[in-house]
Amino acid sequence: LANPNAMLTEVHRQAWDSNVIRLATWIRTEMQIPTGEDYKRFGVPYFCAPLPAICEAVARRNGDDSAVIVWTNLARRMVNRGVRFYLDLPPREAGPARGELLLIRRNCREMGLFNGSTARVRRCRRHDDDELSSSYYLVDFEDIDGTAWLPEKSWVEDVKLSYDENEAIIANLVDTRNIAAMRRLIEAAPGYAGTCHAYQGSQFNRVFVVDEGVTDIHWIYTAVTRAEETLVVGAVRDWSKIKKSEKAKALAKVEGPVRS
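Residues numbered from 1 in each chain as written. Predicted model: local features only at pLDDT ≥ 70, side-chain atom pairs only at ≥ 80, totals over all residues. Heavy atoms only, no water.

## Let's talk about the overall build of the protein
Within the protein one finds 11 helices and 10 strands. Within the protein, buried positions represent 48% of all 260 residues. Considering only residue pairs separated by 6 or more positions, the protein has 68% of its internal contacts joining residues 24 or more positions apart. Surface summary for the protein: the accessible area is close to 13,500 Å², and the carbon and sulfur share equals 49%. (Helix = DSSP H or I, 4+ residues; strand = E, 2+ residues; numbered from the N terminus. Buried < 20%, exposed > 50% of the residue type's maximum accessible area, 1.4 Å probe, protein only. Contact = heavy atoms within 4.5 Å. Areas by Shrake-Rupley, 256 points an atom, 1.4 Å probe, with all protein chains shown as cover.)

Given below as structure tokens:
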């Protein structure tokens, strides 16, 4: 509209004297990529540490009202794998563990779960049936009524299902179960780290941004402004070498970078 009815003139996500809003305003107005010194100048902690140390630190918080934001799905997968290791969780094939934090990757209005939100598992059991075209985990979440249907492939391979795969699953659930089951279909991944794209509509008291050497100013601005109170930025030591490893190359082939 040429003449909008209303315009936001106040910041509501952070307090006016917040280090986060001062940093974000500087990024938006100066259009510069912050250096480590820039973050520190605005009172935002910045450090560089080995990947295992970062994963162990994230595991200690266990997702309590905080978020770890990365740029690529490669970094998301590697951080989540490391955190699951330090939390001593079972292999992915066993399904989401009790108490595990999940990042929802598909809207499920029936259960109040939306892409980019997180939920903690209360109970999970594997479900196989000859009539079903896919295997599923039936997941109950804390403080949420109903049981979700989580396709095995989505969870074990940590991928977003294709349009054709989704259509086939929906049709199969309706034919062999009922519409209610189809309406409780979700996709999910470990929720200890997520891409900025997934979190772009969310906010958290505490945010840790993993610096992958990104030069996308819009990504950086979106990532830092997810924090309401506390922001910490950290670089993975030798990240350029890590992402060139054979293991990283295999993980990166599944899904590429996700931009905000």
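## Side note on the sheet that holds strand S8 (residues 194–195)
Taken in spatial order, the five strands make up an open sheet running S1-S10-S9-S2-S8, and their pairing is parallel. Whereas interior strands pair on both sides, the edge strands pair on one side only; in this sheet they are strand S1 (46–49) and S8. As paired elements, strand S2 (residues 66–70) and strand S9 (residues 204–211) share four bridges and run parallel to each other. Counted as the bridge partner of Val-68 is Phe-208 from S9. Across the sheet, helix H9 (residues 217–224) touches S2, S9 and strand S10 (227–236), and the angle it forms with S9 is around 150°. (Pairing = 2+ DSSP bridges. Axes fitted to C-alpha atoms, helices over the stretch in contact; angles between N-to-C directions.)

## Focus: H9
Among the eight residues in H9, six count as buried, and that is most of the element. All of the buried residues along H9 are Ile-217, Trp-219, Ile-220, Thr-222, Ala-223 and Val-224. On the buried face of H9, the contacting elements are helix H1 (19–30), helix H2 (36–41), S2, helix H8 (196–199), S9 and S10. With a side-chain oxygen lying 3.0 Å from the backbone nitrogen of His-218, the N-terminal cap of H9 falls on Asp-216. (Polar contact = N/O pair within 3.5 Å; in protein donor to acceptor, adjacent residues only side chain to side chain.)

## Side note on the pattern of salt bridges
Here the structure, examined in full by the defined rule, presents 15 salt bridges. The shortest N-O distance in the salt bridge between Glu-100 and Arg-84 comes to 2.7 Å. In this pair, Glu-100 is assigned in the loop between helix H4 (73–86) and strand S3 (101–104) and Arg-84 in helix H4, connecting sequence segments 16 residues apart. For Glu-100, a relative accessible area of 0% translates into the label buried. (Salt bridge = Lys/Arg side-chain N within 4 Å of Asp/Glu carboxyl O.)

## A look at the packing of helix H3 (residues 51–61) against H4
Viewed as axis vectors pointing N to C, H3 and H4 meet at an angle of 60°, and their least axial separation amounts to 8 Å. As the angle between them shows, H3 and H4 are arranged oblique. Seen from above, H3 lies across H4 with right-handed handedness. Along its contact with H3, which presents Leu-51, Pro-52, Cys-55, Glu-56, Val-58 and Ala-59, the element H4 presents Met-78, Val-79, Gly-82, Val-83 and Tyr-86. Within the contact of H3 with H4, the residues separate by chemical class into nine nonpolar, one polar and one charged. (Parallel < 35°, antiparallel > 145°, perpendicular 65-115°, else oblique. Left-handed = near helix turned anticlockwise from the far one by under 90°. Nonpolar A, V, L, I, M, F, W, Y, C, P; charged D, E, K, R; others polar.)

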